[in-house]
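Read off the chains here:
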Protein chains: 2
Amino acid sequence: MPADADDSPCSISEGQGSLDEFSLIKRFFVRPEIGAGAWPSSSIGDDCAILTIGAVKIAVTADMMALGTHFLDDADPYTVGKKALAVNLSDLAAAGASPKAFFLSIALPEADPVWLKGFSEGLFEAAERFHCPLRGGDTTKAASVNGLPGKTCISICAMGEVEGDSYMTRGGAKPGDDIWVSGTPGDAYAALGSIWGQFEVPVNDFSYFKARMDTPTPRVELGQKLKSVATACCDISDGLVGDLGHILERSKVSAILYWKDFPRSEQMKRLPEKVQRRCVLSGGDDYELLFTAPKNKRAQIENLNEGGAVKVTRIGEIAPAAEPLKVLDQDGKSIELSKSFNHFA
Amino acid sequence: MPADADDSPCSISEGQGSLDEFSLIKRFFVRPEIGAGAWPSSSIGDDCAILTIGAVKIAVTADMMALGTHFLDDADPYTVGKKALAVNLSDLAAAGASPKAFFLSIALPEADPVWLKGFSEGLFEAAERFHCPLRGGDTTKAASVNGLPGKTCISICAMGEVEGDSYMTRGGAKPGDDIWVSGTPGDAYAALGSIWGQFEVPVNDFSYFKARMDTPTPRVELGQKLKSVATACCDISDGLVGDLGHILERSKVSAILYWKDFPRSEQMKRLPEKVQRRCVLSGGDDYELLFTAPKNKRAQIENLNEGGAVKVTRIGEIAPAAEPLKVLDQDGKSIELSKSFNHFA
């Protein structure tokens, strides 16, 4: 997600070393199962937790975002509200769940009615579009720092319904499966990287990239259609290759990606090849779906491109775990991968 | 909840006026029902939302807390972790729901392993005690303010199971019902008010009060027992009279409270009468249950005092809506009420 340049890549230093987000969770927040009547969860480490409540399964996800870290300080409040819910709905989409309710907790430095009006309008536009009502939450004051107002912090917990056992996780990809992606990943990072001064984009293309960063479309309908055909799925929030890494790890497999097959927007194609690779392969914040499916589902998946609101493209295949993850260029040579965007890396 | 003195009472100024928490929610976050397949919610404005998922009902609550607002900056991390979950479990207790899962989102200025170890130990002590496992969440970096590290912000969304239609809300109190409270409310505020320099408490009693503030016990088992007898219930987070006000408003009734009947700890009884009234009537942060029940349930409720871990005491009765809310002293004279603690008041 966008962060201002000072905070990027959100490294949190710990003495001499540093603790990334996943190590931190593993070290402090993973505990033995409590049992004793708690709702079982069948997908730890996925975009959503899938909780079993008697005969019903629900998908739950939680995301926290702050102005000054995930959003620029002066971000349009409408955009902030819309995106804050969208990134949670994207997690539900990755599970193939249908959004049903969300809870909003927000810490505010002040009750600015102009900001709140814009924020709530963006939030509810996404809520109405995806039939996902606000069902509760909390408002509080952001803690001040040395007398200066604290930054707005938004925390959303979104829930969706799962039909029977028909949901997707990051586990389940098998050697020989195709790897697919929706939309044109990399566009969001083209905006962010240019804001950060890492590269330049043509003036006329910036607004396209910025809109892709500011108003991602959670692929909720696509997730619904994929849940019966995909073997594994996640959304791309931290970068395509990085998020694919989570699928590979959970599924205990590897992958080969073919750079020439990657879908790229017309605007992306106008950027230098090196910048394209940076944006598409390891840019974050796309909120497209990355999924795997058996080869015999190709026709069924390609059919989605007819009626679907978003195109899906085959970009590679799953390999046995013993192989290293490779991205091959058009000449079959390996492309060197830069480190994927990771909050605490 | 405790706030440092500068922020108290968390007033958020809006130009010439000010916007309290409830006005803010009403103005910006209450919208017409979306319908179209979303899970219905049957308790808007209660401690929990009660969501109906097919044949199943669940209770969901969300609370956000920050160091420097809800906790002192140097609060013991173990205490912070334990209380952060406890206040959410208290909301589930007020609905009579049994805790089943929670989600934690946390913004941290740095990955301090000493702080995280203490925090997670406190958090999981409460989780294990109440059989409520952590099922997911998010970790991120707290946004810095003018280059200074932002404050730790903790957001928890907790969920519980509701048995059939057997749950409690703030609505349902009827004229003639008794008003009951658990434990000895006011103790937490005795610590907070003395930290804020509003009054003094005997040195030997401070640690008792501070423990009541730092480690409230969510009345989960009591909530389970009450759900079949109480007509309305809430927990006391913002002050007894203020929280009773929410029951009165939602139930469209009024109340008379008898000061002489209020349960007070031995330590509370040693404070000046005026301080006692301030703490007991309008001090926040107790996390005791305040509930109403028909008079013919008295014996059944008093029986809870035999086997229960916490005493319940009858402190008044529900009156018709036309009457003003009154607290009578031992001579039958009205006690003037100070404004209850309210985050944004």
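Residues numbered from 1 in each chain as written. Chains lettered and ligands numbered in written order. Predicted model: local features only at pLDDT ≥ 70, side-chain atom pairs only at ≥ 80, totals over all residues. Heavy atoms only, no water.

Draft legend 1. Seen up close, the UniProt feature "domain: PurM-like N-terminal" (unreviewed entry) in chain A. Under the feature "domain: PurM-like N-terminal" (unreviewed entry), the UniProt entry names residues 45-162 of chain A. Secondary structure across residues 45-162 of chain A comprises 31% helix and 38% strand; the distance between its end C-alpha atoms is 18 Å. (UniProt positions renumbered as here; feature names shortened; annotations may be inferred. Helix = DSSP H or I, 4+ residues; strand = E, 2+ residues; numbered from the N terminus.)

Draft legend 2. Representation of the sheet that holds strand β7 (residues 153-162) of chain A within the structure. Residue and element names in this part refer to chain A. The strand order β3-β4-β7-β5-β6 describes an open sheet built from five strands, whose pairing is mixed. The open sheet has two free edges, formed respectively by β3 (49-53) and β6 (134-141), since each of these has just one partner strand. The average angle at which neighbouring strand axes cross in this sheet is 20°, direction not considered. Direction of pairing for strand β4 (residues 56-66) relative to β7: antiparallel, over a ladder of 10 bridges. By the bridge assignment, K57 is partnered in β7 with V162. The sheet contacts of helix α3 (residues 113-129) involve β5 (98-108), β6 and β7, and relative to β5 the element is tilted by about 165°. (Pairing = 2+ DSSP bridges. Axes fitted to C-alpha atoms, helices over the stretch in contact; angles between N-to-C directions. Contact = heavy atoms within 4.5 Å.)

Draft legend 3. View of the interface of chain A and chain B. Between chain A and chain B, the contact holds 83 residues from the first and 83 residues from the second. A buried area of about 7,000 Å², summed over both sides, lies between chain A and chain B, and 68% of it is on carbon and sulfur atoms. A per-residue breakdown of the area chain A buries against chain B is headed by A:F29, A:W39 and A:R135, which together make up 11% of the total. Where chain A touches chain B, the interface holds two salt bridges. (Buried area = accessible area lost by both parts, 1.4 Å probe. Salt bridge = Lys/Arg side-chain N within 4 Å of Asp/Glu carboxyl O.)

Draft legend 4. View of the packing of aromatic side chains. One pass over the structure, following the stated rule, counts 14 aromatic pairs over all chains. Here the aromatic rings of A:Y189 and A:F199 are separated by 6.3 Å at their centres, their planes lie at 50°, and the arrangement is tilted. Here A:F199 lies in the loop between α4 (187-195) and α5 (203-214) and A:Y189 lies in helix α4, a separation of 10 residues in the sequence. Here the two residues A:Y189 and A:F199 agree in accessibility, since each one is buried. When the ring of B:Y189 is compared with that of B:W196, the centres are 6.3 Å apart and the planes differ by 85°; the resulting orientation is edge-to-face. The class for B:Y189 is buried, based on a relative accessible area of 2%. Here the aromatic cluster, defined as three or more aromatic residues joined through ring pairs, consists of A:F29, B:W115 and B:F119. (Phe/Tyr/Trp six-rings, centres within 6.5 Å; stacked < 30°, edge-to-face > 60°. Buried < 20%, exposed > 50% of the residue type's maximum accessible area, 1.4 Å probe, protein only.)

Draft legend 5. Expanded view of the relation of the copies chain A and chain B. With an RMSD of 0.0 Å, chain A superimposes on chain B once it is rotated by 180° and translated 0.0 Å along the axis. Those values place the two copies in the arrangement expected of a two-fold rotation axis. When the interface residues of chain A are mapped onto chain B, 100% of them are again interface residues, pointing to one common binding face. (Least-squares fit on C-alpha atoms with pLDDT ≥ 70 in both.)

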